[in-house]
Amino acid sequence: MELTLWTYEGPPHVGALRIADSMEGVHYVLHAPQGDTYADLLFTMIERQQRRPPVSYTTFQARDLGGDTAELVKRTIAEAVERFRPEALLVGESCTAELIQDQPGALAAGMDLGGIPMVNLELPAYSKKENWGAAETFYQLVRTLLKPQLPPPGTPKADPSRWRAEGRRPRVNLLGASRLGFRCRDDVREITGLLASHGVDVAVVAPLGARPADLMGIPTADANICLYPEVAGPLCSWLERSFGMATVKTVPIGVGATVTFLQELHRTLGLELPAGLIPGDDGRCDSERQSQLPWYSRSVDSTYLTGKRVFIFGDASHAIAAARIASRELGFQVVGLGTYSRELAREVRAAAAELGLEALISDDYLAVEAAMAEAAPELVLGTQMERHSAKRLGVPCAVISAPLHVQDVPARYSPVMGFEGANVLFDSWVHPLMMGLEEHLIGMFRHDFEFVDGHRSHLGEGAPSAGASGSSGVSLAEPPSTGAPATAGELCWSSEGEAELAKIPFFVRPKVRRNTEAFARERGIGAITDEVLYEAKAHYSR
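## A word on the sheet that holds strand β5 (residues 171–177)
Thought 1: The 4 strands lie next to each other as β6-β5-β7-β8, forming an open sheet whose pairing is parallel. Strands at the two margins of the open sheet, each flanked by one partner only, are β6 (201–207) and β8 (246–248). The average angle at which neighbouring strand axes cross in this sheet is 30°, direction not considered.
Thought 2: The pairing of strand β7 (residues 223–226) with β8 spans 3 bridges and is parallel. Bridge pairing links Asn224 to Thr247 in β8.

Here is the structure:
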């Protein structure tokens, strides 16, 4: 194992806890030492919940290891059943308890639980991680509950368009939304409204907000929508094999993907494609007008954003979607793409190959930071770890994926899926770049009289004197430098060269520094002055 300051995913039992906490009427008995109860804080602090997760810990201590810890497991299970009366019980062990080999699931199977469905979670803590644990728990729970409904072998596949013969509206399941996911609550609301506008009802949303009884109604839907493949992918595959249920696999993040999602949905359900989803002569649909993003991308103001270098890292679904939006819908240049989701690494590699890149598949945040620095982006789209790394590198960052911090769980409505989600992404990604332009303009005019200490034109005669406390003229006159250090032992920058470099906008300064140093090396120049900077600029302008 590797000691680290940050981690993209916890052990698989944290994924199981996410499923239990997402649902109602489910309780999780976790065989774990006292220290493993830290997982509660993920929900009470990050999700800002008003209750603790539905989990009972055995919390064995060192002195318990000399006795019978199996009895501790059975006692905890019995107390949890008696106190919480769950509709379904999950039983598992943490990475530490796995070493004891008490097999809590087998112990629970031999107990009288009063008819409560019990799922034995065997999650290999030293080879798998959190998202896999969430997906496996969701899959095992649904499979256990639907076992009595399994159709006999040879049963024909269900017809997704049977809703027409039954005289009702088509209905689908939204699968994969969970606690500690990225904006799942708002995505479900956005997609539910979008489906309703196209005459499609939602039968079951799971695991978020569902009860065990709701899961038993999954086969009543005409199709499944795999909103989050990291959590719902294995279950959707099993439902397709076992019940013949069709799956809509397009993740509706971005304008283009939302249109494709709706088109796939209509084809799957046998619905007539509305005029708004039929591409015109220019290849665009009228439905795209529901978002501001396409309009702005074609406007004159967007020329400032064209070609901006973007580095992307996150879970597979959001990283792939971000790369597609950045390259196709905003005109950015994607200079790095990666994920920590090893189970979906193939899909990320394919997306990177389309952009002429080699995907970074890693759960080492230091390796990601090194790749980020090497790519020299002007914007980073990542997780909360990339936010910290980008801050150290002086690059703006927008969080697009879990793991996240409390500031990425807004109380307001803020989806990332659907047409409204495209608006949210547009704001989140464009504003850091536009603020970069604002900082550059402030720096450009820092010698103007209106930015001199003591003068504030908007305050009129009430402007403070130059020595007054609280004046911010100095901070406006000295924007932070974000250039990379010169190569030690080969080149050095003169004070005049550094002064001229500081006048260049911070978001292109690293590129100018690299080009100038490359120019100097080719010509054997050891000291970079302002004149060398001008010569390099003229050289690359040609």
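## Considerations on the nonpolar core
Thought 1: Core analysis: the largest hydrophobic core is formed by 110 residues, its most contacted members being Phe138, Leu215, Ile312 and Trp429.
Thought 2: If one sorts the elements of this core by residue count, helix α6 (residues 130–146) sits on top with 8 residues.
Thought 3: Excluding its chain neighbours within four sequence positions, the residues that come into contact with Leu215 are Met23, Phe138, Leu141, Val142, Leu145, Leu146, Ala206 and Ala210.
Thought 4: Counting residues in hydrophobic clusters, the runner-up holds 13 residues, among them Phe311, Tyr340, Val368 and Met372.

## Concerning the packing of aromatic side chains
Where two aromatic rings form a pair, the distance of their centres and the angle of their planes describe that pair.
Thought 1: Across all of its chains, the model carries 5 aromatic pairs by this definition.
Thought 2: Relative to Tyr340, the ring of Tyr8 has its centre 5.1 Å away and its plane inclined at 15°; by these criteria the two rings are stacked. On the criterion of sequence distance, the pair formed by Tyr8 in the segment before α1 (12–22) and Tyr340 in the loop between β10 (333–339) and α14 (345–354) is long-range, its members being 332 residues apart.
Thought 3: On the basis of relative accessibility, which here comes to 4%, the residue Tyr8 falls in the buried class.
Thought 4: Assessed through its relative accessible area of 4%, Tyr340 is described here as buried.
Thought 5: A centroid spacing of 6.1 Å and a plane angle of 80° characterise the contact between Tyr139 and Trp238, whose relative ring orientation is edge-to-face. Here Tyr139, found in helix α6, pairs with Trp238, found in helix α10 (residues 229–243); they are 99 residues apart in sequence, far enough to count as distant. Of the two residues examined, Tyr139 and Trp238, each falls in the buried class.
Thought 6: Stacked on the ring of Tyr413, the Lys or Arg Arg189 has its end atom at 3.9 Å from the ring centre.
Thought 7: When the ring centre of Trp493 is taken as origin, the NZ or CZ atom of Arg513, which lies over that ring, is 5.0 Å away.

## Re the pattern of salt bridges
Thought 1: Counting across every chain of the model gives 23 salt bridges.
Thought 2: Note that Arg18 and Glu130 form a salt bridge whose closest N and O atoms lie 3.0 Å from each other. Taken together, the residues Arg18 in helix α1 and Glu130 in helix α6 connect sequence positions 112 residues apart. Take Arg18 and Glu130: they sit in the same class, and that class is buried.
Thought 3: Between Arg328 and Glu354 there is a salt bridge, and its shortest N-O distance comes to 3.4 Å. On the criterion of sequence distance, the pair formed by Arg328 in helix α13 (residues 316–329) and Glu354 in helix α14 is long-range, its members being 26 residues apart. The pair Arg328 / Glu354 is uniform in exposure class, with both members exposed.

## What about the packing of α13 against α14?
Each packed pair of helices is defined by two parameters, the angle between the axes and the distance between the axes.
Thought 1: Running from N to C, α13 and α14 point in directions that differ by 15°, and their axes come no closer than 10 Å. Taken together, the axes of α13 and α14 are roughly parallel relative to one another. For the pair α13 and α14, the sense of crossing is left-handed. Judged by residue contacts, Ala316, Ile320 and Arg328 of α13 engage Glu347, Val348, Ala351 and Glu354 from α14.
Thought 2: Of the residues belonging to the contact of α13 with α14, the class tally is 4 nonpolar, no polar and 3 charged.

## Considerations on helix α21 (residues 530–541)
Thought 1: Taking 1.5 Å of rise per residue, the 12 residues of α21 would be expected to cover 16 Å, and the 16 Å separating its terminal C-alpha atoms lies within 8% of that figure.
Thought 2: Of all the residues in α21, the buried ones are Val532, Leu533 and Ala536. Looking down the long axis of α21, one finds its buried residues gathered within 100° of arc, a one-sided arrangement. Exposed residues pointing more than 90 degrees away from the buried face of α21 are listed as Lys537 and Ser541.

## Looking at the sheet that holds strand β2 (residues 55–57)
Thought 1: One open sheet holds the 4 strands; their spatial order is β2-β1-β3-β4, and the pairing between them is parallel. Two strands in the sheet have a free side with no partner beyond their single neighbour: β2 and β4 (118–120). Direction aside, the axes of adjacent strands within the sheet are offset by 20° on average.
Thought 2: Where strand β1 (residues 26–31) and strand β3 (residues 88–93) come together, 6 bridges link them in parallel fashion. In the strand pairing of β3, His27 is matched with Leu89.
Thought 3: Sheet strands in contact with α1 are β1, β2 and β3, and its direction is about 160° off that of β1.
Thought 4: Sheet contacts for helix α3 (residues 69–84): β1, β2 and β3; angle to β1, the most-contacted strand, approximately 165°.

## What to know about the confidence of the model for the protein
Thought 1: Per-residue confidence for the protein averages 85 on the pLDDT scale, and 83% of its residues sit at or above 70.
Thought 2: Segment residues 455–488: pLDDT under 50, and 47 contacts once partners within four positions in sequence are set aside and those in other chains are kept.

## Thoughts on the side chain of Ser341
Thought 1: Mapped onto the elements, Ser341 comes out in the loop between β10 and α14.
Thought 2: Judged by its relative accessible area of 2%, Ser341 falls in the buried class.
Thought 3: Among the polar contacts made by the side chain of Ser341, one reaches the main-chain amide nitrogen of Ala316 at a distance of 3.4 Å.

## Observations regarding the side chain of His198
Thought 1: In this structure, His198 sits in the loop between α8 (184–197) and β6.
Thought 2: By relative accessible area, His198 is classed as buried at 19%.
Thought 3: When residues no more than four places from it in sequence are discounted, the contact partners of His198 are Leu262, His266, Leu271, Pro274 and Leu277.

About the cut-offs
Residues numbered from 1 in each chain as written. Predicted model: local features only at pLDDT ≥ 70, side-chain atom pairs only at ≥ 80, totals over all residues. Heavy atoms only, no water. Pairing = 2+ DSSP bridges. Helix = DSSP H or I, 4+ residues; strand = E, 2+ residues; numbered from the N terminus. Axes fitted to C-alpha atoms, helices over the stretch in contact; angles between N-to-C directions. Core = buried A, V, L, I, M, F, W, Y, C linked by side-chain atoms within 4.5 Å. Buried < 20%, exposed > 50% of the residue type's maximum accessible area, 1.4 Å probe, protein only. Contact = heavy atoms within 4.5 Å. Phe/Tyr/Trp six-rings, centres within 6.5 Å; stacked < 30°, edge-to-face > 60°. Lys NZ or Arg CZ within 6 Å of the ring centre and 35° of its normal. Salt bridge = Lys/Arg side-chain N within 4 Å of Asp/Glu carboxyl O. Parallel < 35°, antiparallel > 145°, perpendicular 65-115°, else oblique. Left-handed = near helix turned anticlockwise from the far one by under 90°. Nonpolar A, V, L, I, M, F, W, Y, C, P; charged D, E, K, R; others polar. Expected span 1.5 Å × (residues − 1). Arc of directions from axis to C-beta. pLDDT = per-residue confidence, 0-100. Polar contact = N/O pair within 3.5 Å; in protein donor to acceptor, adjacent residues only side chain to side chain.

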